[in-house]
Number of protein chains: 4
Amino acid sequence: MSERPDVRPVMILGISGSGRKGSYNSALLEEARRLIPPGSVLVTYDVSTLPLFNQDLEKAMPPSAREFKEKVKQADAVLFAAPEYNHSVTAVMKNALEWGDRPPGENSWDGKPAAIVSASTSMTGGARAQAHLRQIFADVNLYAVNRPPVLIPRAQEKFSPEMRLTDEKSLESMRLLLAKLVQWALMFRGVREGAGQA
Amino acid sequence: MSERPDVRPVMILGISGSGRKGSYNSALLEEARRLIPPGSVLVTYDVSTLPLFNQDLEKAMPPSAREFKEKVKQADAVLFAAPEYNHSVTAVMKNALEWGDRPPGENSWDGKPAAIVSASTSMTGGARAQAHLRQIFADVNLYAVNRPPVLIPRAQEKFSPEMRLTDEKSLESMRLLLAKLVQWALMFRGVREGAGQA
Amino acid sequence: MSERPDVRPVMILGISGSGRKGSYNSALLEEARRLIPPGSVLVTYDVSTLPLFNQDLEKAMPPSAREFKEKVKQADAVLFAAPEYNHSVTAVMKNALEWGDRPPGENSWDGKPAAIVSASTSMTGGARAQAHLRQIFADVNLYAVNRPPVLIPRAQEKFSPEMRLTDEKSLESMRLLLAKLVQWALMFRGVREGAGQA
Amino acid sequence: MSERPDVRPVMILGISGSGRKGSYNSALLEEARRLIPPGSVLVTYDVSTLPLFNQDLEKAMPPSAREFKEKVKQADAVLFAAPEYNHSVTAVMKNALEWGDRPPGENSWDGKPAAIVSASTSMTGGARAQAHLRQIFADVNLYAVNRPPVLIPRAQEKFSPEMRLTDEKSLESMRLLLAKLVQWALMFRGVREGAGQA
């Protein structure tokens, strides 16, 4: 391969765990689009309209699920905007993770780097949702960047009426996290392509 | 109130986290129907066909979600048959928990006793799904009986072709767990009705 | 038994997960002493000086561990003041839980009601420590009251220099939680003694 | 720097969460010593004799804790042999993690790759301990390899009387996990040294 491994842009797939209009977490993905480092691209996919996962549908998979899996496969890295419902991830988010992982032998997440951001009107800001998400990642074989944590509590005070994140500290944390995510994507790509050449 | 608190049968609502035909966890609910103590009744509700929860639908709630919430409210106790997908509860199960909890002020689970059973073809038998479920219960205010644990690994060896649970030890654990669940339901009912009289 | 089940005071054992002088969580136990309802008594035990648990010591148990287990057994209910270190409970707290549970057949926690309070200088206030603690409770067979949550973030702003909790909302939450804990202890005692008489 | 980054052997620090004589998890570390790939070295440290962590000791740290932190710092990677007590990591393990992380600004774990193995006489084999451990890693900034999982249930059937692991499948999983851990250590080293040269 003559192409330098860092020439192709890093493709980041952004997934929001909420389909609500006016979701702070969906807004974080829009913000991320502006904060990613040069040489990377962020595309989003609306997972809130996927059908509820059922193993009986695995073989004749619904077209939307198939399309979603394709987007995951094409990504170099995944950005999860994770609301917390009832001390865990949302059903919308868990459902996307299940479609991505199935059927056996077709895990679309396999070995990719990931990052997690959360916004919440509550005080704890999504800490427990992120904890569950990391445990799920161990099984679907995603590798989440640890730092900096991006947990944005009392989101209603930190977004403008136009749903722009205005809190400087949160913006800086997101910028650092996304830079690290892209660095990981390049590191993983390097190792994969290096291995391919050996 | 002249009625004795223990005369009315204990209504148990059974929920399976899988909509798959031939699900071992759905089969556990059928088994539970035979194992519950006298004076109790188990009804099941298929939560695998509920729409994916979205806060925008809270106010004009879909009829199936409204019907489901009504069933939860009528129950004295809830039995969760919880498969483990990707080290957590299934999206189907989490989705049911979200509909039950919403909208604010209409938490249908509030203060009820619960029990968890899991069957799995894997070795760990659902331990991690049950752990996440208990964390979710803390928020929706369900009280899960602790013992005995009902985790049935290698389910394919423990069910007959007709999907009857044949493992004696698992049957005995389920019987004990269900007896405890009904005991709790009566204890909670006694306290509520006692409080009502004061 | 001629004694009325509600005459004997409810004994609450308070355990802090920190041995640090000036610990906010230890201060919460002192505050709890003032907030418990009439008819209850709170005693504390310093678990930060117990030896590190080792199964080899189970049979010839160190005197301090034996004494601690005795205190647990005498309690009707347990109040855990749980700091969060590294997204989990402290080693000091986990160590106390292990001594209390061992050796096999001598679980001192067995079947008791419990409540959890946390103070923290961080934003998340102990949410993840409480989540882990609840998972541990499922095994040692403690039953934690769910509500209200007592998570006190930015503790440095909510305690006086004399380490008195001054935040009215936190005080009210603690009062409600402790009332619920005592109510549970009486409910459990009633059921136990009722069963004993049958 | 004239030295090639892959010439220096990869130093793996092995930590067992049990101080019990005859611990299956400590035996796994001995087994790992035989299974690591060429170019790597495994040293172990007995963390069961460290004093219980207390923030008041942070500044004048006990010599054993200081020595332990030094070993962690020197390691390129960490191997955790994690027993499960009461659905979580042992106090011995959590205590080591706390000493390693403290005081502020002196986190000895920072940014290192890690792997987890567990043996257990129970059925679930340590799944819940590993789940908690991963959540802790997010805070101390360790990066755990995801696959293959090494969970060895019913350990009493899989070790010889001389405490050698005899189960072929478990041996192969350990071999793969350790190869992956060393691969990660080299990948991380490459990135660090590359960054240092830039």
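Thresholds, definitions, all that
- Residues numbered from 1 in each chain as written.
- Chains lettered and ligands numbered in written order.
- Predicted model: local features only at pLDDT ≥ 70, side-chain atom pairs only at ≥ 80, totals over all residues.
- Heavy atoms only, no water.
- Buried < 20%, exposed > 50% of the residue type's maximum accessible area, 1.4 Å probe, protein only.
- Helix = DSSP H or I, 4+ residues; strand = E, 2+ residues; numbered from the N terminus.
- Pairing = 2+ DSSP bridges.
- Contact = heavy atoms within 4.5 Å.
- Buried area = accessible area lost by both parts, 1.4 Å probe.
- Salt bridge = Lys/Arg side-chain N within 4 Å of Asp/Glu carboxyl O.
- Polar contact = N/O pair within 3.5 Å; in protein donor to acceptor, adjacent residues only side chain to side chain.
- Nonpolar A, V, L, I, M, F, W, Y, C, P; charged D, E, K, R; others polar.
- Phe/Tyr/Trp six-rings, centres within 6.5 Å; stacked < 30°, edge-to-face > 60°.

*Asks:* Please give an account of the pairing of strand β3 (residues 77-81) of chain A that cites residues and values.
*Replies:* Residues and elements named next belong to chain A. For β3, a buried count of five out of five residues is recorded, marking the element as mostly surrounded by other parts of the structure. Side chains of β3 alternate between two faces, with A77, L79 and A81 and V78 and F80 buried alike. Examined bridge by bridge, strand β1 (residues 10-16) and β3 share five bridges and lie parallel to one another. Looking across to β3, one finds that S16 is bridged to A81. As defined by bridge partners, β3 adjoins strand β4 (residues 112-119) across four bridges and the pair is classed as parallel.

*Asks:* Residues and numbers for the interface of chain B and chain A, please.
*Replies:* On the side of chain A, 30 residues touch chain B, which itself brings 30 residues to the contact. Buried surface at the junction of chain B and chain A, both sides included, amounts to about 2,500 Å², of which 52% is carbon and sulfur. Put simply, chain B and chain A have zero salt bridges between them. If you look at where chain B meets chain A, you find 19 residue pairs in polar contact (both at pLDDT 80 or more). Listing elements by their share of the side of chain B that touches chain A, those giving two or more residues are α3 (91-101) and α4 (127-140) of chain B. Of the residues forming the side of chain B that touches chain A, the biggest block, seven residues, is contributed by α3 of chain B. Class assignment of the residues belonging to the side of chain B that touches chain A gives a composition of 12 nonpolar, 11 polar and seven charged.

*Asks:* Just give me the short version of the pattern of salt bridges, but keep the residues and values in it.
*Replies:* Scanning the entire structure with this criterion turns up 38 salt bridges over all chains. Between E84 of chain A and R128 of chain A there is a salt bridge, with its nearest N and O atoms 3.0 Å apart. With E84 of chain A in the loop between β3 and α3 (91-101) and R128 of chain A in helix α4 (residues 127-140), this residue pair connects regions lying 44 residues apart in the sequence. Assessed through its relative accessible area of 11%, R128 of chain A is described here as buried. In this structure, E172 of chain C engages R175 of chain C in a salt bridge whose closest nitrogen and oxygen atoms are separated by 2.6 Å. Of this pair, E172 of chain C and R175 of chain C are both found in helix α5 (residues 168-197), three residues apart, which corresponds to roughly one turn of the helix. Relative accessible area serves as the criterion here: at 36%, R175 of chain C is assigned to the partly exposed category. Salt bridges linked by common partners bring E31, R34 and R164 of chain A together as one network.

*Asks:* Account for the interface of chain D and chain A, with residues named and values stated.
*Replies:* In this complex, chain D contributes 23 residues to the contact, which on the side of chain A involves 23 residues. In total, chain D and chain A occlude about 1,600 Å² of area from one another, counting both sides; carbon and sulfur atoms represent 54% of this. The three residues of chain D that bury the most area against chain A are Y143, N146 and R147 of chain D, which together make up 36% of that side's buried surface. Here chain D is connected to chain A by two salt bridges. Between D110 of chain A and R147 of chain D there is a salt bridge whose closest N-O contact spans 3.5 Å. In this assembly, chain D and chain A are joined by 10 residue pairs in polar contact (both at pLDDT 80 or more).

*Asks:* Report on the packing of aromatic side chains, specifying residues and quantitative values.
*Replies:* Scanning the model with the defined rule gives 46 aromatic pairs over all chains in all. An angle of 65° between the planes, with centres 6.0 Å apart, marks the rings of F68 of chain B and W109 of chain B as edge-to-face. Here F68 of chain B, found in helix α2 (residues 63-74), pairs with W109 of chain B, found in the loop between α3 and β4 (113-119); they are 41 residues apart in sequence, far enough to count as distant. The buried category is assigned to F68 of chain B, whose relative accessible area is 0%. Given the relative accessible area of 0%, W109 of chain B is considered buried. For the pair F53 of chain D and W99 of chain D, a centre-to-centre distance of 4.8 Å together with 80° between the ring planes defines the contact as edge-to-face. With F53 of chain D in the loop between β2 (40-45) and α2 (63-74) and W99 of chain D in helix α3 (residues 91-101), this residue pair connects regions lying 46 residues apart in the sequence. As far as burial versus exposure is concerned, F53 of chain D and W99 of chain D are alike and both buried.

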